[in-house]
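Structural overview
Listed below are the residues making up each chain.
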Amino acid sequence: MRPIPRRRPDRVPLRWKIAALAAATACLVVAAVGAIVHVWTARDIRGRAEAQALNSLYAAMDVHRRTGTLTNGAALDPDGLPSSLRRLTDTTRHTAYDGHVDGNLGPSVWAAVRTDGPDGRVLAVQVNMGPELHDLQRLDVTMAVASLAALVAATPVAFYGAGLLARRLRRVSETAGRISAGDLDARTGPTRGRDEVADIAATVDLMADSLSRRLRTERQFTADVAHELRTPVGGLLAAVDLLPPGETEDLLRARVRDLRGLVEDLLEISRLDAGAEQPVRAHVPLAAVVAEAVARTGLDTRVTVTGPGAAARTAGTTETVETVETDPRRLERIVGNLVINAHRHGAAPVEVTVEGRTVVVRDHGPGFPRDLLLGGPRRFHTGAAERGSGHGLGLTIALGQARLLGAELRLENAPDGGAVATLLLPS
């Protein structure tokens, strides 16, 4: 049974991403609106200043033409007049922006016209935009503060809304993980909202229903085939016993024995699939059970015990032997299958190490195929061709028995080559 996928610690939660996206969008909107308001207001201030300067210049021209006096703050060839206005040659009114700041006098707008008199001097009026621009700065600060306040208020709301969406997606993800781990009855069920998340949840449930039907059909077929073959295989074995001794009898007996083993494996898998198996637990010495299981295989396998079990062997006592509460028959079945699989598909030497509650079986062959490591063992599938022949039921049975005992069976490849199967018994 593969473990349920867990959330990676380096993964950024969806709610944080959505909240950050909402905050970034709000900042962009605020910046865009602020820039538009600032530019529009600045243009309006300048436009009104130009209109005021032209109106004042018009009134000053009229008074100067009639009386020769200067009014409305007008001056002839004043200091600070922009050079573009100082070089006027026609009698048309012109304006110019002066960004020079001098004391309390801020940026200003000049309006000027060349007079009709014999001296042809330039009559000019200056309108100070400093107060209006100061008000514009205050407006910018006010908008910035209001935008920050709105952002502070909107971010928790976005975070909360994103959390609701994330919880719904997490529920779908957890259901998919349980299905991937082997829980075919896991369902997401109805979810709130009529959106894409609800569609995903419904699709996952439909996929689970279809997968469950297919697997149940396959398991029922396996169980039916095993039950139907059990009787004729038993008859074949009895018939072989009636043959006269010889090479033919030995060959037939070996083949019938292999066929009976296959049928028994199929029956065991069907019982595990149906949930009809129940462990009979007892406190047993782990090292002794493993050694017995290895000895029953009759294969050349080195057993190494470390920890309390090794200390007990050295001292010749059993007081410090590591004991576990488990089903010894099923534990022997797991260890035996792993050892046989290592010899059949791997290469010598095959080593079994017992340390605490952990049993490690390692060979020095080509290792487990990549698809087996990714998807787990499959029935009647041995993976790569270089791993030899077989029906692929040994690891499947070991995995099912380990799941029944509440143990964890890990399959991996050693860095220096070879397959490594690690059985972790529960405490």
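All of these numbers come straight from a predicted model, not from anything done at the bench. Numbering of residues starts from 1 in each chain and follows the order in which that chain's sequence is written. Where totals are concerned, whole chains, interfaces and linings use all residues; where local detail is concerned, this predicted model gives features only for residues with pLDDT of at least 70, and gives and counts side-chain atom pairs only at 80 or more. Computation of side-chain values: all heavy atoms of the structure, hydrogens and water removed.

A few points about the overall build of the protein
- What the protein contains, in helices and strands, is ten helices and eleven strands.
- Split into buried and exposed, the 427 residues of the protein put 33% on the buried side.
- Residue contacts are counted whenever heavy atoms from the two residues lie within 4.5 Å of one another. Looking at the protein alone, contacts between residues at least 24 apart form 61% of all its contacts between residues at least 6 apart.
- Areas reported as accessible are Shrake-Rupley estimates using a 1.4 Å probe. Residue values count occlusion only from the protein chains shown. Put simply, the protein shows about 25200 Å² of open surface, and 57% of that area lies on carbon and sulfur atoms. By the criteria applied, helices consist of DSSP H or I runs no shorter than four residues and strands consist of E runs no shorter than two, each listed in order from the N terminus. Exposure is judged per residue with a 1.4 Å probe applied to protein chains only, and the accessible area is read against the type maximum: over 50% gives exposed, under 20% gives buried, and values in between give partly exposed.

Notes on the confidence of the model for the protein
- The predicted model of the protein averages 81 in pLDDT, with 88% of residues at 70 or higher.
- In predicted models, pLDDT denotes the confidence assigned by the predictor to each residue on a 0 to 100 scale. Scored below 50 in pLDDT, residues 1-5 makes 13 contacts in the model with residues more than four places away or belonging to other chains.
- Long-range and interchain partners of residues 314-319, a stretch whose pLDDT sits below 50, account for two contacts in this model, where long-range means more than four residues apart.

Considering helix H6 (residues 286-297)
- The end-to-end C-alpha distance of H6 is 17 Å, a good match for the 16 Å that twelve residues give at a rise of 1.5 Å each.
- Regarding H6, the residues found buried are Leu286, Ala287, Val289, Val290, Ala293, Val294 and Thr297. End-on, the buried residues of H6 take up no more than an arc of 165 degrees, which puts them together on one face. In H6, those exposed residues whose orientation departs by more than 90 degrees from the buried face are Ala295 and Arg296.
- Two residues or fewer after H6 comes Gly298, characterised by a positive phi angle close to 70 degrees. To estimate the expected span of a helix, subtract one from its residue number and multiply by 1.5 Å. Taken from the helix axis, the directions to the C-beta atoms give the arc we talk about.

A few points about the sheet that holds strand E1 (residues 75-76)
- The criterion for strand pairing is that DSSP finds at least two bridges linking the strands in question. One open sheet holds the four strands; their spatial order is E1-E4-E3-E2, and the pairing between them is antiparallel. For this open sheet the edge positions go to E1 and strand E2 (94-98), each flanked by a neighbour on one side alone.
- Here E1 pairs with strand E4 (residues 122-128) via two bridges, running antiparallel. Of the residues in E4, the one forming a bridge with Leu76 is Leu123.

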